Amino acid sequence: MAEMLYQRDVYGKALVELGKKNKDIVVFDADLSGSTRTSFFAKEFPERFFNFGVAEQNMMAAATGLASCGKTVFVSTFAIFAAGRAWDQVRNSVAYSGYNVKIVATHAGISVGPDGASHQALEDIALMQAIPKMNIIVPCDGPQTREAVIACIDIKGAFYIRLGRPKVPTVENKGKFEFGKAQVITKGDDVTIIACGIMVNEALAAAENLAKNGIKVRVINVHTIRPLDNDTILKAACETRGIVICEEHTVIGGLASSVQEVVAENNPVKVLCLGIKNRFGQSGSPSELLKEYNLTSFDIEEAVKKVIS
Amino acid sequence: MVEEKDIKHLEEKAKQIRRLIIEMLAKAGSGHPGGSLSATDLITALYFSVLKHNSKDPKWPDRDRFHMSKGHCCPLWYAVLAESGYFSVDELWTLRQLGSILQGHPDRRTPGIDVASGSLGQGLSVSLGMSLAAKLDKKDYRVYCLLGDGEIQEGNVWEAAMACAHFKSDNICAILDYNGFQIDGKVCEVMNLEPVAAKWKAFGWHTMEIDGHNMKEILSAFDEAKKVKGKPSIIIAHTVKGKGVTFMENVCDFHGRAPTKDEAEKALKELE
Ligand SMILES: Cc1ncc(C[n+]2csc(CCOP(=O)(O)OP(=O)(O)O)c2C)c(N)n1
């Protein structure tokens, strides 16, 4: 059994680790520090942690001011509030001025579960991608969360790192993390599955089953949505018969849209997208919801079969 | 004590800034004169008598920060920056042109500007971030922030107001340009703010009210703010929109309309 980790736990611990080495790291939260795990940092470095209360807009613009004075500011809250409520502040203050503000948003996607639609950010990647210069990472598991958090510190500018709520299995054998470089996890020349976040694990399960039927699938983890690794995607488009894209996000403006753009412009192949299609989320357990929104490994298998039929 | 000749000097400087604003806007053919002119005395006093800064070293870490939250009034900001030596006055004639370092609303390509603005309501938050940096680094620089009266209808401003008081940001001095007008008319008719001073006071701010065109009052308010401990200060400056050019004063149209060539000539005559 794969190790199960909360990405948020890993994030909280990584912040503490980094905070010890780097005195210029400051952390902001908006009354969700227990859930986002910035509370770990708050406990260790109370003088470098600021709770803004339920005021995300103020928090984002303040992060810009602080970062303009040379600090690296990690800003956390739920994805729906980071990307949605404070979008104008993220666009006009954070991204436009381009200082080291690293937004780490938790509770993204349908897998938030019982809290329901108001708390399930299904359009946050789209909102962030629409903003020029915004770097976007969607780590697929716990260890990758740590790697992403470490990587973003050394790269100048604004970041959006998207984390989920539930524990997620650690994806084995995915190689080392390199910002902007997609990870080819399984080799295969029949069909490509491109996924991010928790969908990577579903994709791997699908690939395993398909292999039993003699279908060889190439699974690619596109953890960095911007800048997108066009080369790895186009190589797959050339070498396989079609692509299935899976994301726990609306199919508009996220991973699916970006991959399709690259493929359509350079090497059109058959593409099928699994994601949220013109629907709000709803309450349920994460696994029930993945089923309800056709985001399980079974759905992926069906899509792969369709692509090669 | 400020001397009479310093006041005279600042008044002359303010007149020069107003001239630059008019010329710049007439040349650009668009932009916002009303709120630039109403805040001219305040920001002139700030840049030429109060602010610790060095135009030859715009990134000097210990400099006082100024942020213009009401970004549409950047002609005023550009004029004081040029007059302070951050860039040549000739740059002003490129305002709003393609490739100019002087964009229609402020951004980082202008020497002396640290953070973009233009979307109203965010600047006090930006200033709060700068003030937190000063405290973290144990530096004694101060942070000044210019707000518009229409602007403070934005909810974000009050989130920031609450937070500045909560974090005891006594290195912040906000300046409210209370000219009584916004785009669609009088502030009291569009969305009444009164009682303004009581609101800031209730949010935990040291609150001062002055005539925003009286240099003596302006300087002494900045001075008073420096002495306040444990809370942020706000100068509520009663001003006249379009101040200094009679036909623009209290005329809503000149919020966001540049003077024509003829109007500019007439305005410059009055500002001689
Ligand atoms: C968030 C936002 N909403 C609307 C505008 C458009 N806008 C520009 S100036 C302005 C009125 C501002 O009034 P005030 O703050 O009183 O400015 P002043 O009179 O000092 O020029 C508006 C609504 C904007 N720039 N930002």
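The structure this text deals with has already been given above.
Small disclaimer: the values here were computed from a predicted structure and weren't measured.

Engineer: Residues and numbers for the overall build of chain A, please.
Structural biologist: Across its full length, chain A holds 13 helices and 14 strands. Relative to the globule expectation of 19 Å for 309 residues, the C-alpha radius of gyration of chain A, 19 Å, shows essentially globular dimensions. Relative to its 309 residues, chain A shows a buried fraction of 63%. A fraction of 78% describes how many contacts in chain A between residues 6 or more apart in sequence connect residues 24 or more apart. Here chain A displays about 11,700 Å² of accessible surface, and carbon together with sulfur accounts for 51% of that area.

Engineer: Tell me about helix α1 (residues 7-21) of chain A, and name the residues and values.
Structural biologist: In a regular helix each residue adds 1.5 Å, so 15 residues correspond to 21 Å; α1(A) covers 21 Å between its end C-alpha atoms and thus fits that length. Turning to α1(A), its buried residues number three or more, namely Gln7(A), Arg8(A), Val10(A), Tyr11(A), Gly12(A), Ala14(A), Leu15(A), Val16(A), Leu18(A) and Gly19(A).

Engineer: Can you tell me about the pattern of salt bridges, naming the residues and giving the values?
Structural biologist: Between side chains of opposite charge, a pair can form when the charged atoms approach closely. Evaluation of the coordinates by the stated rule reveals 28 salt bridges over all chains. Note that Lys71(A) is salt-bridged to Asp137(B), the shortest N-O span being 2.6 Å. Pair noted here: Lys71(A) is in the loop between α4 (56-67) and β4 (72-78) and Asp137(B) is in the loop between α5 (123-136) and β2 (143-148), and the two residues belong to different chains. Judged by its relative accessible area of 32%, Asp137(B) is partly exposed. One salt-bridge network, held together by shared partners, links Asp189(A), Arg218(A), Lys235(A) and Glu239(A).

Engineer: Before we move on, could you go through the interface of chain A and chain B and cite the residues and values that matter?
Structural biologist: A common way to report how large an interface is uses the accessible area buried once the components associate. In this complex, chain A contributes 27 residues to the contact, which on the side of chain B involves 25 residues. Carbon and sulfur atoms supply 57% of the area buried between chain A and chain B, which totals about 2,000 Å² over both sides. For the side of chain A that touches chain B, the elements supplying multiple residues, two or more each, are β2 (25-29), β3 (49-51), α4 and α6 (87-97) of chain A. Sort the elements by how many residues they give to the side of chain A that touches chain B and α4(A) lands first, with eight residues. Partitioned by chemical class, the residues of the side of chain A that touches chain B number 11 nonpolar, 11 polar and five charged.

Engineer: Explain the sheet that holds strand β6 (residues 135-137) of chain A to me, using residue names and the numbers behind them.
Structural biologist: Residues and elements named next belong to chain A. In spatial order, the strands read β3-β2-β4-β5-β7-β6-β12; together these seven strands make up an open sheet with mixed pairing. Each having just a single partner strand, β3 and β12 (224-226) make up the two edges of the open sheet. Strand after strand, the sheet turns through a mean of 20° between neighbouring axes, direction not considered.

Engineer: Give a description of the sheet that holds strand β7 (residues 233-238) of chain B that names residues and reports values.
Structural biologist: All names here are of chain B. With respect to topology, five strands assemble into an open sheet ordered β1-β2-β3-β7-β6, the strand pairing being parallel. Both outer strands of the open sheet, β1 (65-68) and β6 (206-211), are each paired with one neighbouring strand and no more. Neighbour-to-neighbour, the strand axes of the sheet open up by a mean angle of 20°, direction not taken into account. Two strands pair when backbone bridges link them, and β6 and β7 are joined in this way by six bridges, in the parallel orientation. What sits directly across from Asp211, in β7, is His238. Running at roughly 170° to β6, helix α9 (residues 215-227) makes contact with β2, β3 (172-178), β6 and β7 of the sheet.

Engineer: Run through the site of the ligand, naming residues and quoting values.
Structural biologist: Residue and element names in this part refer to chain B. Around the ligand, the structure places 18 residues, and the nearest of them are Lys70, His72, Asp149, Gly150 and Lys241. Here an oxygen atom of the ligand and a side-chain polar atom of His72 are 2.7 Å apart. Burial of the ligand by the protein amounts to 77% of the accessible area it has alone, namely 590 Å². Of the residues assigned to the shell around the ligand, the class counts are four nonpolar, nine polar and five charged.

Engineer: Can you lay out the pairing of β2(B) for me, pointing to particular residues and giving the numbers?
Structural biologist: Two faces, one strand: in a regular strand the side chains alternate between the faces of the sheet. Residues and elements named next belong to chain B. Of all six residues making up β2, six are buried, and the element is well covered by its neighbours. Of the two faces of β2, the one lined by Val143, Cys145 and Leu147 and the one lined by Tyr144, Leu146 and Gly148 are each fully buried. Pairing of β1 with β2, which is carried by four bridges, proceeds in the parallel orientation. Bridged to His67 within β2 is Cys145.

Engineer: Explain the packing of aromatic side chains residue by residue, including any values.
Structural biologist: All names here are of chain A. The tally for this structure, following the rule as stated, stands at 15 aromatic pairs over all chains. For the ring pair Tyr11 and Phe74, a centre distance of 6.5 Å and an interplane angle of 50° mean the geometry is tilted. Here Tyr11 is found in helix α1, whereas its partner Phe74 is found in strand β4, with 63 residues between them in sequence. Residue Phe74 is classed as buried on the basis of its relative accessible area of 0%. Where Phe159 meets Phe179, the ring centres are 5.3 Å apart and the plane angle is 50°; that geometry is what we call tilted. Placement of Phe159 in strand β7 (residues 159-162) and of Phe179 in the loop between β8 (167-169) and β9 (183-186) is noted, with a sequence separation of 20 residues between them.

Engineer: Break down the nonpolar core for me, citing the residues and quoting the values.
Structural biologist: Generally speaking, soluble globular proteins have nonpolar side chains that are buried together. Phe28(A), Met134(A), Leu124(B), Trp200(B) and Trp205(B) are the most contacted members of the largest nonpolar core, which totals 92 residues. Other than its neighbours up to four places away in sequence, Phe28(A) contacts Phe49(A), Phe50(A), Phe52(A), Met59(A), Ala62(A), Ala63(A), Leu66(A), Val73(A), Phe74(A), Val75(A), Ser76(A) and Leu132(B). Core analysis: the second largest hydrophobic core is formed by 56 residues, Val50(B), Met208(B), Ala225(B) and Ala258(B) among them.

Engineer: Could you give me a rundown of the side chain of Thr106(A), with the residues and numbers involved?
Structural biologist: By secondary structure assignment, the location of Thr106(A) is in strand β5 (residues 101-106). Look past the residues within four positions of Thr106(A) in its chain and what remains in contact with it is Arg8(A), Thr36(A), Thr77(A), Phe78(A), Ala79(A) and Leu163(A).

Engineer: Quick one: what's the story with the packing of helix α1 (residues 4-28) of chain B against α9(B), residue by residue and with numbers?
Structural biologist: All names here are of chain B. Contact geometry of α1 with α9 gives a least axis separation of 10 Å together with a crossing angle of 105°. Overall, the two elements α1 and α9 adopt an arrangement that is roughly perpendicular. For the pair formed by α1 and α9, the contact residues are Glu4, Ile7, Leu10, Glu11 and Ala14 on the first element and Met215, Lys216 and Leu219 on the second. Among the residues making up the contact of α1 with α9, the classes are represented as five nonpolar, no polar and three charged.

Scoring rules and cut-offs
Residue numbers run consecutively from 1 along every chain, following the written order of its sequence. Each chain gets a letter, beginning with A, and each ligand a number, beginning with 1, in the order they are written. Only residues with pLDDT of at least 70 are given local features in this predicted model, and only at 80 or more are side-chain atom pairs given and counted; all residues enter the totals for whole chains, interfaces and linings. With hydrogens and water excluded, all non-hydrogen atoms of the structure serve as input to the side-chain values. Helix numbers and strand numbers start at the N terminus; a helix is a DSSP run of H or I with at least 4 residues, a strand a run of E with at least 2. Between the two quantities, the radius of gyration covers C-alpha atoms and the globule rule is 2.2 Å times the number of residues to the power 0.38. Exposure categories follow from relative accessible area, calculated using a 1.4 Å probe and restricted to protein chains: below 20% of the type maximum is buried, above 50% is exposed, and the middle band is partly exposed. Contacts are assigned to residue pairs with any non-hydrogen atoms lying within 4.5 Å of each other. Per-residue and other accessible areas were derived by the Shrake-Rupley procedure at a 1.4 Å probe size, with only the shown protein chains allowed to occlude residues. For a helix, the expected span equals 1.5 Å multiplied by the number of residues minus one. The working definition used for a salt bridge is a side-chain nitrogen of Lys or Arg within 4 Å of a carboxyl oxygen of Asp or Glu. The term buried area means the drop in 1.4 Å probe accessible area that two parts suffer when joined, counted for both and summed. All amino acids are sorted into three groups, where Ala, Val, Leu, Ile, Met, Phe, Trp, Tyr, Cys and Pro are nonpolar, Asp, Glu, Lys and Arg are charged, and the leftover types, Gly among them, are polar. Should DSSP find at least two bridges between two strands, the strands are taken to pair. Note on method: axes are straight lines fitted to C-alpha atoms, helices fitted across the in-contact stretch only, with angles between N-to-C directions ranging 0 to 180 degrees. Residues are classed as near a molecule or strand on a simple rule: at least one heavy atom within 4 Å of it. Pairs of N or O atoms are called polar contacts if they sit within 3.5 Å, as long as, within protein, a hydrogen donor faces a hydrogen acceptor (for residues adjacent in sequence, only side-chain-to-side-chain pairs). Between rings of Phe, Tyr and Trp, where Trp is taken as its six-membered ring, a pair exists when centres lie within 6.5 Å; planes separated by under 30 degrees are stacked, by over 60 edge-to-face, and by other angles tilted. Residues belong to one nonpolar core when they are buried, are Ala, Val, Leu, Ile, Met, Phe, Trp, Tyr or Cys, and are joined through side-chain atoms within 4.5 Å. Note on angle classes: values under 35 degrees are labelled roughly parallel, values over 145 roughly antiparallel, values of 65 to 115 roughly perpendicular, and the remainder oblique.

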